[in-house]
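The chain contents come next:
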Amino acid sequence: MAKKQKPNKGNTNTRVSNGPKYDPNRKKGVPQNKVNGGVFVYTGSITVSELSKQLGLNPSDIIKYLFLNKKMMVTINSQLDDEVIGELCLNYGYDFKKEKAIEEENFEELEIIDDEKDLVERPPVVVVMGHVDHGKTTLIDTIRSSNIAGGEAGAITQAIGAYQKEILGKKITFLDTPGHEAFTQMRARGAKMTDIAIIVVAADDGVMPQTKEAIDHAKAAGVNIIVAINKIDKPAANIEKVTQELIENGLIPEEYGGEHIFRQVSAKKNIGVQELLETILVVAELSELKANPNRYALGTVVEASLDKNEGAKATILVQNGTLNTGDSVVIGNAYCKVRKMVNEYKKVLKTAGPSTPVVVTGLDEVPQAGDNFMAYADEKVAKEIAYKRKLNAKNKEMKTTSAMSLDDLYGQIKEGEVTNVNIILKADVQGSVEACKGSLEKLSNDEVKINIIRATAGAITLSDVLLASASNAIIYGFNVRPDAAVRAKAAEEKVDIRLHNIIYALIEELEEAMKGMLKPIEKEVVIGQAEVRQIFKASKIGTIAGSYVLEGELKRDCKIRLLRDGIVVYTGKLGSLRRFKDDVAKVATGYECAFTIENFNDIKEGDIAEAYEIQQVARG
């Protein structure tokens, strides 16, 4: 059996951006504080003895200096504070810099920068996104010569979710994601896996809702975007119209002075696909994608599962370094002694270099898609770190999120921390969208910039919540309401949804927060929702809505708004509330009832009646 090649031990040719905060493969006992180019770089408190060793001084010189100049009596074991360390460094001809120490278990906070001489070209990582039925699957089929759309996967194992294609002697790595939402969820957990996103748009259909979402998610991920206008062989193809629609959505082709590459293809007839692949290689070359294969591996989990025969397994993408069979790896919160690695063809691999996707077995638990992984030189160290990560995850109870609330915005502006505020804007009609967007953007000033990352007409969706979570955004709704599922997801992701039906109130609220003057407010609390299932007409009463309470409860005389397809059609007060022939004070979840709305009779089957209250909330 061939001897396994191990990468350079101890990451001797790597450094961490902003200084050596923590080297996961360092040898125990090696000091992390050091002098680098005349600058003493340190991470925490230091004793007189430690400082003297690092600066090449006699401890007695430091003790004498501090006594004569600072009236301080210290010993070689005395801890020195930052002010004293700085003064001593300057006195003995050194500059100084203190850096935040990174705990060994928080390896995803490390930004490892390898020496330029150790870097080699790596394959680009590509994701294909687009609206349903626009040819995404057919394009993937054509690229890898499979037949997923026809139900025949050929030699490709679909469960891996990743594969490589060789073109002109160079490899391209493609990732199959379950959708744009999953793509953004991964980014929300800190996973920056892809270099290029291909947005597929049908030439006979144009830009559709999912196309817009794909564009938003690709922009949020900060990746290069290539547009593939598909189905150019169709009689109804209108490339000029599609191009104009894409321009309106912020993708400007190079020939129009923009920065995005457009390619015309027919995935079904294999027209232009080769040129598309060559374009990917050109974009990759211009991006100068490189990695160091001679270090312990790190990367991201694409997907994971529990196999009844092989146990916990994960599809991972090696982003830097080389992963070997037998390596000790921390994957998310799991420890893994790599028993076996296979590629998309189920071929067993001994090593996997940068941009290589593989399935690994040997994990002690199933990680999450988007988790980071890192290989370690010492098995014991890896196990300890995995244990600490499990403990930290349990303590946090999965409550962490990247979303921002308006209270967070207020607090951060007050502390002078925020410079950009991301907002997702949803309104009932396009006219309202444009009016709200224009007004919000005018609030930008020298200190705080309002960044509208999505502004569309329609109800607030799960996709909006996920994009807000991934982009640290606040959702503003004007005359629209989220349904129960969206509200639940927003609560889970800690996404702040602010709802208004008066435009100046929306503007005023954000303006007050930006001024750091957010005052105690009245908060609207939804207490229940009911679906209208049958309509009755009564000449003396008006329209009676036979309904079923979906969640919460309806209360007599409560405030009510009527939603139709997520759009608010009326806001008022609940009139009568009955169960069978009896007037009742309230009706709980799972019960039928009948109600009227004061001064409003245009109720239709399928409408959602949302009951709410206004509560006084003191701001902390």
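Quick look at the structure, then. Here the residue index of a chain counts from 1 through its sequence in written order. With the structure being a predicted model, the display of local features is reserved for residues of pLDDT at least 70 and the display and counting of side-chain atom pairs for 80 or more, all residues being used for whole-chain, interface and lining totals. For side-chain calculations, the full set of non-hydrogen atoms in the structure is used, while hydrogens and water are omitted.

## Here's the deal with the overall build of the protein chain
No. 1: Per the secondary structure count, the protein chain includes 14 helices and 36 strands.
No. 2: The rule is simple: take the accessible area with a 1.4 Å probe, protein chains only, and divide by the maximum for that residue type; under 20% is buried, over 50% is exposed, in between is partly exposed. Relative to its full complement of 620 residues, the protein chain shows a buried share of 47%.
No. 3: Accessible surface area values rest on a Shrake-Rupley calculation with a 1.4 Å probe, where residue burial reflects the displayed protein chains alone. Accessible area of the protein chain: about 30500 Å², with a carbon and sulfur share of 48%. Going along the chain from the N terminus, every DSSP run of H or I of four or more residues is numbered as a helix, and every run of E of two or more is numbered as a strand.

## Examining helix 1 (residues 48-55)
No. 1: Of the residues making up helix 1, those classed as buried are Val48, Ser49, Leu51, Ser52 and Leu55. Looking straight down helix 1, one finds its buried side chains confined to an arc of 165°; they lie on one side.
No. 2: Directly beyond the C-terminal end of helix 1, a positive phi value near 70° is found at Gly56. To be clear, the arc concerns the directions from the helix axis to the C-beta atoms.

## Some thoughts on the sheet that holds strand 13 (residues 224-230)
No. 1: Judged by pairing direction, the sheet is mixed, and its six strands sit side by side in the order 10-11-9-12-13-14 without closing on themselves. Whereas interior strands pair on both sides, the edge strands pair on one side only; in this sheet they are strand 10 (162-167) and strand 14 (261-264). On average, each strand axis in the sheet is tilted by 30° relative to the strand beside it, whichever way the strands run.
No. 2: Of the pairings in the sheet, the one linking strand 9 (residues 125-130) to strand 12 (residues 196-202) comprises five bridges and is parallel in character. Of the residues in strand 12, the one forming a bridge with Gly130 is Val200.
No. 3: Sitting on the sheet, helix 4 (residues 136-144) touches strand 9, strand 10, strand 11 (170-175) and strand 12, and the angle it makes with strand 9 is about 145°.
No. 4: The criterion used for residue contact is that any of the two residues' heavy atoms lie within 4.5 Å. Axes here refer to lines fitted to C-alpha atoms; in helices the fit is confined to the stretch in contact. Angles between the N-to-C directions go from 0 to 180 degrees. Along the sheet, helix 8 (residues 273-287) makes contact with strand 9, strand 10, strand 11, strand 12, strand 13 and strand 14, crossing strand 13 at roughly 170°. When DSSP locates at least two bridges between a pair of strands, those strands are taken to pair.

## Observations regarding the pairing of strand 10
No. 1: Here strand 10 pairs with strand 11 via six bridges, running antiparallel. Residue pairing for strand 11: Ala162 is matched across the bridge by Leu175.
No. 2: The antiparallel hairpin formed by strand 10 and strand 11 contains two residues in its connecting segment, where Leu168 sits at a positive phi of about 55°.

## Structural notes on the sheet that holds strand 25 (residues 420-427)
Hydrogen bonding along the main chain pairs the strands of a sheet, whether they run parallel or antiparallel.
No. 1: Reading across the sheet, the four strands line up as 26-25-27-28 and stay open at both edges, with parallel pairing between neighbours. Strand pairing shows two members of the sheet lacking a second neighbour, strand 26 (449-457) and strand 28 (497-500), which therefore form its edges. Taking the axes of each pair of neighbouring strands and ignoring which way they run, one obtains an average angle of 25° across the sheet.
No. 2: In this structure, strand 27 (residues 473-478) lies alongside strand 28, joined through four bridges in parallel fashion. Looking at strand 28, one finds that Tyr476 is bridged to Arg498.

## Here we look at the packing of aromatic side chains
No. 1: The criterion for an aromatic pair is that two Phe, Tyr or Trp rings (for Trp, the six-membered ring) have centres within 6.5 Å, with stacked assigned to planes under 30 degrees apart, edge-to-face to planes over 60 apart and tilted to the rest. The full count for this structure, using the stated rule, is five aromatic pairs.
No. 2: Between Phe107 and Tyr376, the ring centres sit 6.5 Å apart and the planes meet at 70°, which makes this aromatic pair edge-to-face. Of the two residues, Phe107 sits in the loop between strand 6 (95-98) and strand 7 (112-114) while Tyr376 sits in strand 24 (residues 372-376), which places them 269 residues apart along the sequence.
No. 3: Taking relative accessible area as the criterion, Phe107 reaches 3% and is therefore assigned buried.
No. 4: A cation over a ring is seen here: Arg144 above Tyr163, with NZ or CZ 4.2 Å from the ring centre.
No. 5: Over the aromatic face of Tyr612 sits the side chain of Arg561, whose NZ or CZ is 4.0 Å from the ring centroid. Should the NZ of a Lys or the CZ of an Arg lie within 6 Å of a ring centre and within 35 degrees of the ring normal, that charge is described as sitting over the ring.

## Thoughts on the environment of Ser328
No. 1: Tracing the backbone through its elements, the reader meets Ser328 in strand 19 (residues 328-331).
No. 2: On the accessibility criterion, Ser328 (4% relative accessible area) is buried.
No. 3: Spatially, the C-alpha atoms of Ser328 and Tyr296 are 9.8 Å apart, while their sequence positions differ by 32 residues.
No. 4: Excluding residues within four positions of it along the chain, Ser328 makes contact with Tyr335, Cys336, Lys337, Met374, Ala375, Tyr376, Glu379 and Ala382.

## A few points about the packing of helix 6 (residues 209-221) against helix 12 (residues 462-471)
No. 1: Two elements in contact, helix 6 and helix 12, have axes separated by 10 Å at closest approach and are oriented at 10°. Between helix 6 and helix 12, the angle falls in the class roughly parallel. Along its contact with helix 6, which presents Glu213, Asp216, His217 and Ala220, the element helix 12 presents Ser463, Leu467 and Ser471.
No. 2: Ten residues, namely Ala, Val, Leu, Ile, Met, Phe, Trp, Tyr, Cys and Pro, are considered nonpolar, four, namely Asp, Glu, Lys and Arg, are considered charged, and the remaining ones, Gly among them, are considered polar. Looking at the contact of helix 6 with helix 12 residue by residue, the class counts come to two nonpolar, three polar and two charged. Roughly parallel means an angle under 35 degrees; roughly antiparallel means over 145; roughly perpendicular covers 65 to 115; every other angle is labelled oblique.

## Side note on the nonpolar core
No. 1: Among buried residues, the Ala, Val, Leu, Ile, Met, Phe, Trp, Tyr and Cys ones that are joined through side-chain atoms within 4.5 Å form a nonpolar core. One finds Leu139, Ile172, Phe174, Ile198 and Ile280 to be the most contacted residues of the largest nonpolar core, which totals 23 residues.
No. 2: Secondary-structure elements contributing two or more residues to this core are strand 9, helix 4, strand 10, strand 11, strand 12, strand 13 and helix 8.
No. 3: For this core, the element with the most residues is helix 8, which contributes six residues.
No. 4: Within the second largest apolar cluster, 21 residues are counted, among which are Ala314, Val329, Ala334 and Met341.

## Overview of the environment of Leu175
No. 1: Turning to its location among the elements, Leu175 is positioned in strand 11.
No. 2: Residue Leu175 is classed as buried on the basis of its relative accessible area of 3%.
No. 3: Considering only alpha carbons, one finds Leu175 and Ala197, 22 residues apart in sequence, at a separation of 10.0 Å.

## A word on the pattern of salt bridges
No. 1: Here a salt bridge means any side-chain nitrogen of Lys or Arg lying within 4 Å of a carboxyl oxygen belonging to Asp or Glu. Counted by the stated rule, this structure contains 34 salt bridges.
No. 2: With a closest N to O distance of 3.7 Å, Lys290 and Glu116 form a salt bridge. Taken together, the positions of Lys290 in strand 15 (residues 290-291) and Glu116 in the loop between strand 7 and strand 8 (120-121) put the pair 174 residues apart, joining distant regions of the chain.
No. 3: Assessed through its relative accessible area of 43%, Lys290 is described here as partly exposed.
No. 4: Lys426 is the partner of Asp464 in a salt bridge, and the nearest nitrogen-oxygen pair spans 2.6 Å. Residue Asp464 is found in helix 12, and its partner Lys426 is found in strand 25; the two are separated by 38 residues along the sequence.
No. 5: Put simply, Arg481, Arg487, Glu524, Glu551, Arg561 and Glu610 are held in one network by salt bridges that share partners.

## A closer look at helix 13 (residues 484-493)
No. 1: Within helix 13, burial applies to Val486, Lys489, Ala490 and Glu493. Buried positions in helix 13, seen along its axis, are confined to an arc of 100° and lie on one side of it. Exposed side chains of helix 13 directed beyond 90 degrees from the buried face belong to Ala491 and Glu492.
No. 2: Between N or O atoms, a polar contact is any pair within 3.5 Å; within protein, one atom must be a potential hydrogen donor and the other a potential acceptor, and residues adjacent in sequence are included only when both atoms are from side chains. Regarding helix 13, its N-cap is Asp483, as a side-chain oxygen of that residue lies 3.2 Å from the backbone nitrogen of Ala485 further along.
No. 3: Immediately beyond the C-terminal end of helix 13, within one or two residues, lies Lys494, with a positive phi of roughly 60°.

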